[in-house]
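Results of the structural survey
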Amino acid sequence: MSEGYLVGMPEREHEACRRLVEMSFLSDGLFRSLGLQASFSWFILQIRKERLVPALRGDVDILAGPLSWTDAEAFHALVSEERANAQGGRHDSWNYQLAAIRMARAGGITWPPATGHLVGVEAKCAYLDPHTERISEEALRSTKSSPSKSDKIRRQVESLLDMELNHAVLLDIIANPPVAGPDGGAWISALAVASESTSAMSSTLGKRLPEECEAAHWVWSSGAVVGGDEFHRGAGAPLQLRASRGNSRLVKVVATRSMREEMEVRLTEILSKFPTPFGFPAIFVDCKDCGKLHGISWDGAACQST
C-alpha cells in the first residue's frame, strides 16, 4: 500500500491535521462553527504548550485564529472592481476570492494577526485494518478506547479549556484503506467505507467526553480512492457530534494576570517573527525534526532544514 495514504502512515494523526487545514473546503464546517473562516485563518500545528505558557507541558494539535485585512474598505473596493470586470456567469464568491488574492499579494493581511479569538483542537486518529474482510468495531485499530486512554483524552481536552481558549475541540479521525471502482463508483465506495467505519466506532465516540464538558466533538472518517492519496482523491468531510459551548473559564475574574493574557503576548511574539503572509490560510508547524517553528510547504514536504 502506498505510504501516501493516511492508513499506512506512522504519523497519520499529524498528517491528517495538516491535510485538514490545507483543504479549507473540507474543514470549513468545523471551523465556521467555532467562529473562524477556514480559508482565511492562521494555524499552528503541534505547537508545544510551553512556548505559550512555560509552566505547561504537552502540545496542541491545531491552534487557530482569524486573519484580517489592514484596510477593509480597500478589500471591498477590490471586490467591486472584480464584479465590474467579471465575465458573465461568474459566481460572486469568485469575486471575493480573486479580490482576496490580490489584497494578500499586495501585503494587505494584518500581521501579526489578532489573538482575541483562539481555537484549540485535540486530534486522535484511529484506522481501519486494511486486511479486514468486514468493517466492524474489532477491525478498527488505535481507537484509544481503554479506560486509561479515555481518561487521558478527557484530560487533554480539559487542558485546552484550562488554557482559556475560546473553543476547544476533540477531533476523532478515522483513516480508511483505499478502494477501487469504475469512474465515480470508487468515490461512492470510499464514502460508504467511511460511513461504515464511523458507525463501527460509534460506541467509543459516544463515550469520549462527559456531558458537562464544554468542548465540541467532531469525527472525520477519511475515505480514500486508489490512484492517489486522500489529499488528491479523498472522500468524506468532518461531522459534528456535539457543538462547543464556549469556555466558561474565560469569564472568571482573577486577581493576577491570566494565563490567556500571557499566551496572547507570547503568541504575538512568535508570529511577528514571520513575514506578512502573501497567501491564506497561513499555516505553521512546531517541527519535531528541527525543533523550530516554521512555515509549512503546500506539497507536504517535511522540515526544509533537514
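First, a word on scope: everything that follows refers to the structure included in this document. (Residues numbered from 1 in each chain as written. Predicted model: local features only at pLDDT ≥ 70, side-chain atom pairs only at ≥ 80, totals over all residues. Heavy atoms only, no water.)

Observations concerning the overall build of the chain
For clarity, the cut-off: The secondary structure listing takes helices from DSSP runs of H or I that are at least 4 residues long and strands from runs of E that are at least 2 residues long, numbered from the N terminus. Using C-alpha atoms as the atom set, the radius of gyration is obtained and then compared with a globule rule of 2.2 Å times the number of residues to the power 0.38. For every residue, the accessible area (1.4 Å probe, protein chains only) is compared with the maximum for its type, and the residue is labelled buried under 20%, exposed over 50%, or partly exposed between those bounds. What makes two residues a contact is simply this: any of their non-hydrogen atoms within 4.5 Å. Exposure was quantified through the Shrake-Rupley algorithm and a 1.4 Å probe, taking into account, for residues, occlusion by the shown protein chains and nothing else.
Of the regular secondary structure elements, the chain holds 10 helices and 10 strands. At 20 Å, the chain has a C-alpha radius of gyration in line with the 19 Å of a compact globule built from 306 residues. With respect to the three principal axes, the spread of C-alpha positions in the chain is 60 × 55 × 40 Å. Here the chain holds 306 residues, and the buried ones make up 49% of them. Pairs at least 24 apart in sequence give 71% of the contacts found in the chain among residues at least 6 apart. Counting every atom, the chain has about 14700 Å² of accessible surface; 52% of that belongs to carbon and sulfur.

A short note on the packing of aromatic side chains
Defined as follows: Stacked, edge-to-face and tilted labels apply to pairs of Phe, Tyr and Trp rings (six-membered ring for Trp) whose centres lie within 6.5 Å, assigned for plane angles under 30 degrees, over 60, and everything in between, in that order.
Evaluated as defined, the whole model comprises eight aromatic pairs. Residues W69 and F75 carry aromatic rings whose centres are separated by 5.0 Å and whose planes lie at 20 degrees to one another, so their mutual orientation is stacked. Here W69 matches F75 in class, with each residue buried. On the numbers, 6.0 Å between centres and 35 degrees between planes, the contact of W111 with F284 is tilted.

Concerning the environment of N247
Within the fold, N247 resides in the loop between β8 (239-242) and α10 (259-272). N247 gets classed as buried once you look at its relative accessible area, which sits at 8%. Spatially, the C-alpha atoms of N247 and C213 are 9.5 Å apart, while their sequence positions differ by 34 residues. When neighbours within four sequence positions are excluded, N247 is seen to be in contact with L161, E164, L165, N166 and E214.

Remarks on the side chain of R260
Its location among the elements puts R260 in helix α10. Not counting residues within four places of it along the chain, the set of residues in contact with R260 comprises T115, G116, H117, L118, M163, E164, L165, N166 and L250.

Describing the packing of helix α4 (residues 72-85) against helix α5 (residues 92-105)
The condition is simple: Fitting a line to C-alpha atoms yields each axis, with helices limited to the stretch in contact; the angle taken between N-to-C directions then spans 0 to 180 degrees. Note on angle classes: values under 35 degrees are labelled roughly parallel, values over 145 roughly antiparallel, values of 65 to 115 roughly perpendicular, and the remainder oblique. Take the far helix as your reference; a near helix turned counterclockwise from it by less than a right angle gives a left-handed crossing, and one turned clockwise gives a right-handed crossing. Residue polarity follows a fixed list, in which Ala, Val, Leu, Ile, Met, Phe, Trp, Tyr, Cys and Pro are nonpolar, Asp, Glu, Lys and Arg are charged, and the others, Gly among them, are polar.
Axis separation between α4 and α5 bottoms out at 8 Å; the angle between their running directions is 130 degrees. Between α4 and α5, the angle falls in the class oblique. Helix-helix and strand crossings are classified by hand; for α4 and α5 the assignment is right-handed. Counted together, A74, F75, L78, V79, E81, E82 and R83 of α4 and D92, N95, Y96, L98, A99, A100, R102 and M103 of α5 form the full contact between these two elements. Here the contact of α4 with α5 is built from residues that sort into nine nonpolar, one polar and five charged.

Concerning the side chain of D172
Defined as follows: Pairs of N or O atoms are called polar contacts if they sit within 3.5 Å, as long as, within protein, a hydrogen donor faces a hydrogen acceptor (for residues adjacent in sequence, only side-chain-to-side-chain pairs).
Within the element layout of this structure, D172 appears in strand β5 (residues 167-175). The buried category is assigned to D172, whose relative accessible area is 1%. Side chain to side chain, D172 and R208 meet in a polar contact 2.9 Å long. Every residue in contact with D172, bar those within four places of it in the chain, is listed here: K124, M201, L205, R208, H217, W218, V219 and W220.

Some points on the nonpolar core
The condition that has to hold: Take the buried Ala, Val, Leu, Ile, Met, Phe, Trp, Tyr and Cys residues and link them wherever side-chain atoms come within 4.5 Å; each set so joined is a nonpolar core.
If you look at the biggest cluster of nonpolar residues, it comprises 40 residues, and the most contacted ones within it are W42, L52 and W69. Secondary-structure elements contributing two or more residues to this core are β1 (41-48), β2 (59-66), α4, α5, α6 (147-162), β5, α10 and β9 (282-286). Aside from chain neighbours lying at most four places away, what touches W42 is L63, A64, G65, P66, L67, P113, A114, L118, L267, L271 and A282. Listed in part, the 35 residues of the second largest apolar core include V119, L171, A216 and I283.

Quick look at the pattern of salt bridges
We apply this condition: Here a salt bridge means any side-chain nitrogen of Lys or Arg lying within 4 Å of a carboxyl oxygen belonging to Asp or Glu.
Enumeration over the complete set of coordinates arrives at 18 salt bridges. Between R18 and E15 there is a salt bridge whose closest N-O contact spans 2.5 Å. One end of the pair is R18 and the other is E15, both in helix α1 (residues 12-22) and three residues apart, which spans about a single turn. Note on accessibility: R18 and E15 belong to one class, buried. The partner of E122 in a salt bridge is K124, with the nearest N and O atoms 3.0 Å apart. K124 shares its class with E122; the two are buried. It is possible to trace a salt-bridge network through shared partners that takes in E15, R18, R19 and E22.

Some remarks on the packing of α1 against helix α2 (residues 24-32)
In a packed pair of helices, the relevant descriptors are the angle between the two axes and the axis-to-axis distance. Interhelical geometry of α1 versus α2 gives an angle of 90 degrees and a closest axis separation of 6 Å. Considered as vectors, α1 and α2 are oriented roughly perpendicular to each other. Contact residues: L20, V21 and E22 in α1; S24, L26, S27, L30 and F31 in α2. Here the contact of α1 with α2 is built from residues that sort into five nonpolar, two polar and one charged.

Observations regarding the layout of surface pockets
To keep things clear, this is the line we draw: With a 1 Å grid laid over protein atoms only, a set of points is called a cavity when a 1.4 Å probe fits there but cannot get out and a pocket when it is open yet has protein on both sides within 12 Å along at least five of seven lines; lining residues have an atom within 4 Å of a point. Grid points are joined across faces, edges and corners, and a volume is the space filled by probe spheres set on the points.
Here the second largest pocket is characterised by a volume of approximately 280 Å³. Looking at the second largest pocket, the residues that line it are Q37, S39, F40, W69, F75, S93, W94, Y96, Q97, A100 and F280. Among the elements that line the lining of the second largest pocket, the one with the most residues is α5, at five residues. When its residues are assigned to classes, the lining of the second largest pocket shows seven nonpolar, four polar and no charged.

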